[in-house]
Amino acid sequence: MNKIIMPFVAAALLCWVAGCDPSQGGGSVQQSQIQSEEVPQQASAPVQDSKLTRRNYYVVFDGSGSMQESKCAGNSRKIDVAKQAVKEFARNLKPEDNLGLLVFDSNGISERVALSNGDRAMFDQAIDNIYANSGTPLYQSMGIAFESLKVQMARQLNYGEYHLVVVTDGEANDGDNGLIEQINRSPVIIHTIGFCIGSGHSLNQPGKTHYADAQSPEAVKKGLQDVLAESDTFSK
């Protein structure tokens with residue numbers, strides 16, 4: 001009798017440990033295991049933009065500590081000159097153009113304005129709220145900006161224009177890790193306004209980047225105006 005009962009006791013104990021329902025038979029253990037497995041979620045495709053030829057401008061703004069200095073900025077600080085020039089640049093965009101903003105400053109590295117053709121007043125406010133006090137994680141910031149532009153590229157099926165506009169007064173304190181080459185294999189054009197740092201900057205790479213050596217407030221504005229002028233030429 002014990003030889004007959006013991007297998008049933010062992011089976012019931014195994015079923016209890018596995019969390020199955022004995023009334024449903026041995027198949028319930030396998031069913032429970034299948035139900036507990038996570039089903040991977042597939043990423044949804046980005047919604048296609050209604051205007052595939054849209055122009056996109058993503059600004060990376062340097063809010064490092066050196067931007068508080070006044071060298072090359074006349075009676076102002078470099079950050080104030082850069083803020084004014086970038087806001088003027090934004091006002092010269094067409095209403096349908098997309099504009100985004102990423103900043104590294106006292107509040108860290110973050111996207112302050114998502115790439116869109118929304119309220120430009122929000123962009124101006126984000127510029128006004130930049131407070132210079134950080135290092136210069138230039139390539140990390142550019143990488144984040146590039147990812148945002150890639151999302152928009154997918155929405156526009158790689159049509160349109162994509163401009164990564166960097167306004168900086170210092171050399172990066174991080175490495176590019178092949179980022180420039182990666183961007184150059186895409187439709188994205190890199191524009192750098194080097195404010196009071198000369199032509200020896202790592203982002204001055206003829207054939208790969210467009211670099212403006214800005215030694216005055218007027219030169220900063222002109223460098224940004226040239227971004228739009230080149231975009232107009234590209235569109236023709």
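Let me sum up the structure you'll find in this document. Keep in mind the model is a prediction, meaning the values are calculated, not measured.

1. Description of the sheet that holds strand E2 (residues 98-105)
Part 1: Taken together, 6 strands build an open sheet; the order of strands is E3-E2-E1-E4-E5-E6 and the sheet is mixed. Where the open sheet ends on each side, the last strands, each with one partner, are strand E3 (108-116) and strand E6 (210-214). Within the sheet, the average angular offset between the axes of one strand and its neighbour, ignoring direction, is 15°.
Part 2: Where strand E1 (residues 55-62) lies against E2, 7 bridges are found, and the strand directions are parallel. Residue pairing for E2: Tyr57 is matched across the bridge by Leu99.
Part 3: Packed onto the sheet, helix H3 (residues 78-91) meets E1, E2, strand E4 (161-168) and strand E5 (188-195) and runs at close to 170° relative to E1.
Part 4: Along the sheet, helix H4 (residues 120-128) makes contact with E1, E2 and E3, crossing E2 at roughly 15°.

2. A short note on the pairing of E2
Part 1: Buried residues dominate E2, accounting for 8 of its 8 residues.
Part 2: Alternating residues of E2 divide into Asn98, Gly100, Leu102 and Phe104 and Leu99, Leu101, Val103 and Asp105, and every residue in both groups is buried.
Part 3: For the segment spanning E1, H3 and E2, crossover handedness is right-handed.
Part 4: As paired elements, E2 and E3 share 6 bridges and run antiparallel to each other. Counterpart to Asp105 in the pairing with E3 is Gly108.

3. Details of the state of the cysteines
Structurally, a disulfide amounts to a covalent bond that connects the sulfur atoms of two cysteines.
Part 1: Applying the stated rule across the entire model yields 1 disulfide.
Part 2: Between Cys72 and Cys196 runs a disulfide, and the two sulfur atoms are separated by 2.0 Å. Residues Cys72 and Cys196 are joined through a disulfide that is right-handed, its torsion about the S-S bond being 55°. Pair noted here: Cys72 is in the loop between E1 and H3 and Cys196 is in the loop between E5 and E6, with a separation of 124 residues, a long-range link.
Part 3: Since its relative accessible area comes to 14%, Cys196 is described here as buried.

4. Things to note about empty space enclosed by the protein
Part 1: What the rule picks out here adds up to 1 cavity of 30 Å³ or more.
Part 2: Volume-wise, the largest cavity comes out at about 40 Å³.
Part 3: As for the largest cavity, its lining consists of Ala85, Glu88, Phe89, Asn92, Lys221, Leu224, Gln225 and Leu228.
Part 4: Counting residues per element, the ones that place at least two in the lining of the largest cavity are H3 and helix H7 (217-235).
Part 5: Tallying contributions element by element places H7 first for the lining of the largest cavity, with 4 residues.
Part 6: For the lining of the largest cavity, the class distribution of residues is 4 nonpolar, 2 polar and 2 charged.

What counts and what doesn't
Residues numbered from 1 in each chain as written. Predicted model: local features only at pLDDT ≥ 70, side-chain atom pairs only at ≥ 80, totals over all residues. Heavy atoms only, no water. Pairing = 2+ DSSP bridges. Helix = DSSP H or I, 4+ residues; strand = E, 2+ residues; numbered from the N terminus. Axes fitted to C-alpha atoms, helices over the stretch in contact; angles between N-to-C directions. Contact = heavy atoms within 4.5 Å. Buried < 20%, exposed > 50% of the residue type's maximum accessible area, 1.4 Å probe, protein only. Right-handed = clockwise from strand over helix to strand, strands pointing away. Disulfide = S-S within 2.5 Å. 1 Å grid on protein atoms, 1.4 Å probe; cavity = no way out; pocket = protein on both sides within 12 Å on 5 of 7 lines; lining within 4 Å. Points joined across faces, edges and corners; volume = space filled by probe spheres on them. Nonpolar A, V, L, I, M, F, W, Y, C, P; charged D, E, K, R; others polar.

Treat this as a map of the structure, not an account of what it does.
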